[in-house]
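Listed below are the residues making up each chain.
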Amino acid sequence: MDNKDGQSSRKAPVTHPEGSAAALKAGWRKSLIEKRQALADRAWRNDLLQRVMRVWLIHRPDAVIGAYWPIKGEFDPLPALFRWQEAGLEEDVQGQQRHRRIGLPVVNKVDKTLTFYTWYPGCPMEEDAYGIPKPKDTEIIEPTLIFVPCVGYGPGGFRLGYGGGFYDRTLASLSPKPFTVGLGYDFGYLPDLAPEPHDVPLDAILSDTGVMWPMK
C-alpha cells in the first residue's frame, strides 16, 4: 500500500555497501555454512576434532562445561564431552570427587544473553523460540569453560558467528569470565577477519587439524 506522498510504506530491504565489513562477513558466513553442510568427509573430520577435544581437555581443571546443540552442519561436541564426563565418574570412584556437568544454552528473550542448563544423554528436551533443542526443566549451571561454535575464525582468536551477538553479550555480562574455546573445521580460518569493537576474542580455538589458537 502506498502512503499519501505516493511512496511505498514498505521498508526497503537491508543491504550492505559492496566491500563493507558487514558484506564481507555475510559472504563468508554464507559460503562457509554451505560448505559445512555439504561436507563429504564429515565423519572423518568429526572423529579428528573429537580426538583433539579429548586430548585438550585432559589437563583442564574444569568440572562444569557449557557447550551447544549442533545446527546447520556444526561440529557436535557432545560425544567428546560425555566421554569427559564419564572419565570424571571414574575419578570419583577413585576418591577424587570431581563430579562433572555439561550445560546447553537457552536464550534469554529479554536481554538476548545465554543461560546454561544441565544436559545429559537422554535428558528431556524441548525446542526454544528459535527451534533449537534445549534441556527441559533441568538445573541452571555456571560453566567455567564454554565451547563456542564457529562459522569461521581469524587471527587473534576472533570468531565469525551467525551475527546475533548472543555469545558476545553473554561473555560481556559474566564475572568472572569463563574460559572460551571455539570449535570449527580447519577450512573456516579467515586471515582477513577483522574484529569489531563489540567482538570478544576467544581464549582458544580447536579444529580438526589441532589447536588453531593460541598458536605456539
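Quantities reported herein were computed from a predicted structural model and do not represent experimental measurements.

Cut-offs applied
Sequence order as written defines the numbering, with residues in each chain counted from 1. In keeping with the model being predicted, local features are shown solely for residues with a pLDDT of at least 70 and side-chain atom pairs are shown and tallied solely at 80 or more, while totals for entire chains, interfaces and linings include all residues. Working from all heavy atoms in the structure, the side-chain values ignore hydrogens and water. Under the scheme used here, helices are H or I runs from DSSP no shorter than 4 residues and strands are E runs no shorter than 2 residues, and both carry numbers assigned from the N terminus. Helix span, as expected, comes to 1.5 Å for every residue beyond the first. Burial classes: relative accessible area under 20% of the type maximum marks a residue as buried, over 50% as exposed, and values in between as partly exposed (1.4 Å probe, protein chains only). Note that the arc is defined by the directions from the helix axis to the C-beta atoms. Here a residue-residue contact requires only that any non-hydrogen atoms of the pair lie within 4.5 Å. Pairs of strands are assigned from DSSP output, requiring at least two bridges between the strands. Each salt bridge in this description consists of a side-chain nitrogen of Lys or Arg and a carboxyl oxygen of Asp or Glu lying within 4 Å of one another.

### Some words on helix α1 (residues 21-37)
Between the first and last C-alpha of α1 there are 24 Å, a value that for 17 residues agrees with the 24 Å anticipated at 1.5 Å per step. For α1, the set of buried residues is Lys25, Trp28, Arg29, Leu32, Ile33 and Arg36. The buried residues of α1 occupy an angular sector of 120° when the element is viewed end-on, so they sit on one face. Against α2 (42-57), β8 (152-153) and β9 (159-160) lie the buried residues of α1.

### Side note on the pairing of strand β3 (residues 114-119)
Strand direction decides the pairing type here: strand β2 (residues 101-107) and β3, joined by 6 bridges, are antiparallel. The residue bridging Gly103 from the neighbouring strand is Thr118, located in β3. Taken together, β2 and the strand that follows it, β3, pair antiparallel across an intervening segment of 6 residues, in which Lys112 is found at a positive phi of about 60°. Of the pairings in the sheet, the one linking β3 to strand β6 (residues 140-141) comprises 2 bridges and is antiparallel in character. Note that in β6 the partner of Phe116 across the bridge is Ile141.

### Here's the deal with the pattern of salt bridges
Scanning the model with the defined rule gives 11 salt bridges in all. Across the salt bridge formed by Glu34 and Lys30, the nearest N and O atoms sit 2.7 Å from each other. Separated by 4 residues within a single helix, Glu34 and Lys30 lie in helix α1, roughly one turn from each other. According to the relative accessible area criterion, Glu34 is partly exposed, its value standing at 44%.

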